Amino acid sequence: MPELPEVETIARQLRELVIGRRIASFESFWHRVTEPVPAAHFAARLSGREITGVGRRGKFVVLELDRGEALIVSLRMTGKLLFREPGAPDDSFVRATIGFSDGTVVRFSDTRKFGRMAIVDRADLAEDNHRGAQGQGPLGAKRPPEDASHARLPLHRVLGIEPLTPRFTTRWLREFLQLRGRSAIKPLLLDQRGIAGVGNIYDIEALWRARIHPLRTAGSLRPDEIARLREALRFVLRKGIRLGGASRRDYVDARGGQGRMQREFQVYDRAGEPCPRCGRAVVRTVVGGRGTFHCPRCQRAPATRTARRRMTR
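Residues numbered from 1 in each chain as written. Predicted model: local features only at pLDDT ≥ 70, side-chain atom pairs only at ≥ 80, totals over all residues. Heavy atoms only, no water.

Re the pattern of salt bridges
Here's step 1: Per the stated rule, a full pass over the model turns up 26 salt bridges.
Here's step 2: Arg 12 is paired through a salt bridge with Glu 8; the nearest N and O atoms lie 2.8 Å apart. In this pair, Arg 12 and Glu 8 both sit in helix α1 (residues 4–18), four residues apart, roughly one turn of the helix.
Here's step 3: The exposure class of Arg 12 is partly exposed, given its relative accessible area of 43%.
Here's step 4: A residue is classified by how much of its surface remains accessible, and Glu 8, at 10% relative accessible area, is buried.
Here's step 5: A salt bridge links Arg 49 to Glu 69; the shortest N-O distance between them is 3.1 Å. Of the two residues, Arg 49 is situated in the loop between α2 (39–46) and β2 (51–57) and Glu 69 in strand β4 (residues 69–74); the sequence distance between them amounts to 20 residues. (Salt bridge = Lys/Arg side-chain N within 4 Å of Asp/Glu carboxyl O. Helix = DSSP H or I, 4+ residues; strand = E, 2+ residues; numbered from the N terminus. Buried < 20%, exposed > 50% of the residue type's maximum accessible area, 1.4 Å probe, protein only.)

Okay, structure coming up:
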C-alpha cells in the first residue's frame, strides 16, 4: 500500500505536471470509484475546473481546485495516478480518467479496485480543523474518537498530525502517547487519526531504528525512547521520499517509474536475515493483524505479567 513517501512522491511530480491545467472531462469505469456520488454528478462538478495546486494529506493525493474545493484520491492497496501525454499507449486496470483541455490525461489505475476519489471542501483537510470534534489533550494531542458518530466521519476529516511538520515535536509525541498509554505502539502508529501517513513498512523500519519492540505499550516508553522514535519516524519517511518510495509490488510514481526505498529496508520483509546492527536473525510476527518484522536482540520484548511477577519477588 502506498504510504506517505510514495504519495508525497506522486504529489510532487503531479505538481510539476498538472497545475494550471483545466479539466475537460472525467470518466469512471468502475462504479465504486466515486461512491456514494454518482460518476455523472462527479464529472459535472469537475468539468471546467482548474487545478490550482497539488499536495498530500496523510495518504491522500490532493488536487486543489478553484473555488475552495479539492479532489482527493486514496490509492489504497494498488492504486496509481499516471500522467500521460496525448496518444500514450493504454494502461492496464484503468478505473477512471481525468482529461485536460490540452489532451493530456491522468489515469487512475487500480488492480484490486479499492481506491476511491472524492471532491471535498479544502478546509476539511486542515491539520487542526477538527480538534473540537475529537477532543484535545495537552498541546493539542488528539484523543481517540469518543463515540460512534466520530468513527463514522470520513477519514479525511479526522486525520491526525503530519509527522514531517514542525508541530510534530518530541513533546507533542510524548503527550499523545500518554493519552493512548495502554495501546501497543506498532498498531497505534498506524492509526491515521493520530499521526497521518505512517503505514506498515515505515512503522516497522522506524521501530527498528528506535530499538523499540512492536508490542511495547505507548505508556511504557521512556523519554529517551520517545525522542528516538520521533527521530526515527522522520528519518525513514524523509529517506523514503528521497528515494522515490518503495516499489515492492504495485507502486509506481506518476510517470510510471519505480522507487528505490525497497533496497534500503533494514528489517522489513527480511525474516531470517541478519539484523544490520547486531547480526541476530530478524523474526516475523503478526501484530494487530499485520505482518511485522523486528530484531529480538535490538528490540527487547516487553515482559509478560508472569515474568514481571517473578522479577518482583
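Some details on the packing of helix α7 (residues 200–210) against helix α8 (residues 223–242)
Here's step 1: Two elements in contact, α7 and α8, have axes whose closest approach is 8 Å; the angle formed by their N-to-C orientations is 130 degrees. When the axes of α7 and α8 are compared, the pair comes out oblique. Handedness of the crossing formed by α7 with α8: right-handed. Residues Tyr 202, Glu 205, Ala 206, Leu 207, Arg 209 and Ala 210 of α7 touch α8, and the partners they reach there are Arg 228, Leu 229, Glu 231, Ala 232, Leu 233, Phe 235, Val 236, Leu 237 and Gly 240.
Here's step 2: Split by residue class, the contact of α7 with α8 holds 10 nonpolar, one polar and four charged. (Axes fitted to C-alpha atoms, helices over the stretch in contact; angles between N-to-C directions. Parallel < 35°, antiparallel > 145°, perpendicular 65-115°, else oblique. Left-handed = near helix turned anticlockwise from the far one by under 90°. Contact = heavy atoms within 4.5 Å. Nonpolar A, V, L, I, M, F, W, Y, C, P; charged D, E, K, R; others polar.)

Description of the sheet that holds strand β5 (residues 79–84)
Here's step 1: Strand order in the open sheet formed by four strands is β1-β6-β7-β5, with antiparallel pairing between adjacent strands. Sheet topology places β1 (23–28) and β5 at the edges, where each strand pairs with a single neighbour. Taking each pair of neighbouring strands and ignoring which way they run, the sheet shows an average axis angle of 15 degrees.
Here's step 2: Two strands pair when backbone bridges link them, and β1 and strand β6 (residues 94–100) are joined in this way by five bridges, in the antiparallel orientation. (Pairing = 2+ DSSP bridges.)

What to know about the pairing of β4
Here's step 1: Counted residue by residue, β4 has five buried out of six residues, so it is predominantly covered.
Here's step 2: Inspection of the sheet shows strand β3 (residues 60–65) paired to β4 by five bridges, in the antiparallel sense. Its bridge partner being in β4, Leu 63 is matched across the sheet by Leu 71.
Here's step 3: Two successive antiparallel strands, β3 and β4, enclose a turn made up of three residues, where Arg 67 displays a positive phi of approximately 65 degrees.

Remarks on a nonpolar patch on the surface
Here's step 1: Together, Met 1, Met 77 and Phe 114 make up an exposed nonpolar region whose accessible area comes to about 270 Å².
Here's step 2: With respect to the helices, strands and loops of the structure, Met 1 is situated in the segment before α1. (Patch = residues over 30% accessible without salt bridge, like charges linked within 9 Å, V, L, I, M, F, W, Y side chains within 5 Å. Areas by Shrake-Rupley, 256 points an atom, 1.4 Å probe, with all protein chains shown as cover.)

Considering the side chain of Gln 13
Here's step 1: By the secondary structure assignment, Gln 13 is in helix α1.
Here's step 2: Note on Gln 13: relative accessible area 18%, which makes it buried.

Looking at the nonpolar core
Here's step 1: Among the nonpolar cores identified, the biggest contains 40 residues, and Leu 173, Leu 177, Ile 185, Ile 195 and Leu 229 are the most heavily contacted of them.
Here's step 2: Listing elements by their share of this core, those giving two or more residues are α5 (170–179), α6 (185–190), α7 and α8.
Here's step 3: The residues contacting Leu 173, other than those within four sequence positions of it, are Phe 168, Ile 195, Ile 226, Leu 229 and Arg 230.
Here's step 4: By size, the runner-up hydrophobic cluster in this structure holds 31 residues, among which are Ile 10, Val 18, Ile 23 and Phe 83. (Core = buried A, V, L, I, M, F, W, Y, C linked by side-chain atoms within 4.5 Å.)

Considering the environment of Glu 264
Here's step 1: Position of Glu 264 among the secondary structure elements: in the loop between α8 and β9 (283–287).
Here's step 2: In this structure the C-alpha to C-alpha distance between Glu 264 and Leu 243, which are 21 residues apart in sequence, comes to 9.2 Å.
Here's step 3: Every residue in contact with Glu 264, bar those within four places of it in the chain, is listed here: Glu 205, Lys 239 and Leu 243.

Some thoughts on α1
Here's step 1: Taking 1.5 Å as the rise per residue, α1 with 15 residues should run 21 Å; its terminal C-alpha atoms sit 20 Å apart, in good agreement.
Here's step 2: With respect to burial, α1 is a largely interior element, 12 of its 15 residues being buried.
Here's step 3: Residues of α1 that are buried: Leu 4, Pro 5, Glu 6, Val 7, Glu 8, Thr 9, Ile 10, Ala 11, Gln 13, Leu 14, Leu 17 and Val 18.
Here's step 4: Trailing α1 by a residue or two, Gly 20 shows a phi angle of about 90 degrees, which is positive. (Expected span 1.5 Å × (residues − 1).)

Regarding the packing of α1 against α8
Packed helices, taken two at a time, are described by their axes: the angle between them and the distance between them.
Here's step 1: Between α1 and α8, the shortest axis-to-axis distance is 8 Å and the interhelical angle comes to 40 degrees. Classified by the interaxial angle, the pair formed by α1 and α8 is oblique. α1 and α8 meet at a crossing whose hand is right-handed. Contact residues: Leu 4, Pro 5, Glu 8, Thr 9 and Arg 12 in α1; Leu 237, Gly 240 and Ile 241 in α8.
Here's step 2: When its residues are assigned to classes, the contact of α1 with α8 shows four nonpolar, two polar and two charged.

Examining the sheet that holds β2
Here's step 1: The four strands are arranged β2-β3-β4-β8 in an open sheet whose pairing can be described as antiparallel. At either margin of the open sheet sits one strand with a lone partner, and together these are β2 and β8 (116–121). Across the sheet, the mean angle separating the axes of adjacent strands is 25 degrees when strand polarity is ignored.
Here's step 2: Across the face of the sheet, α1 comes into contact with β2 and β3 while running at roughly 170 degrees to β2.

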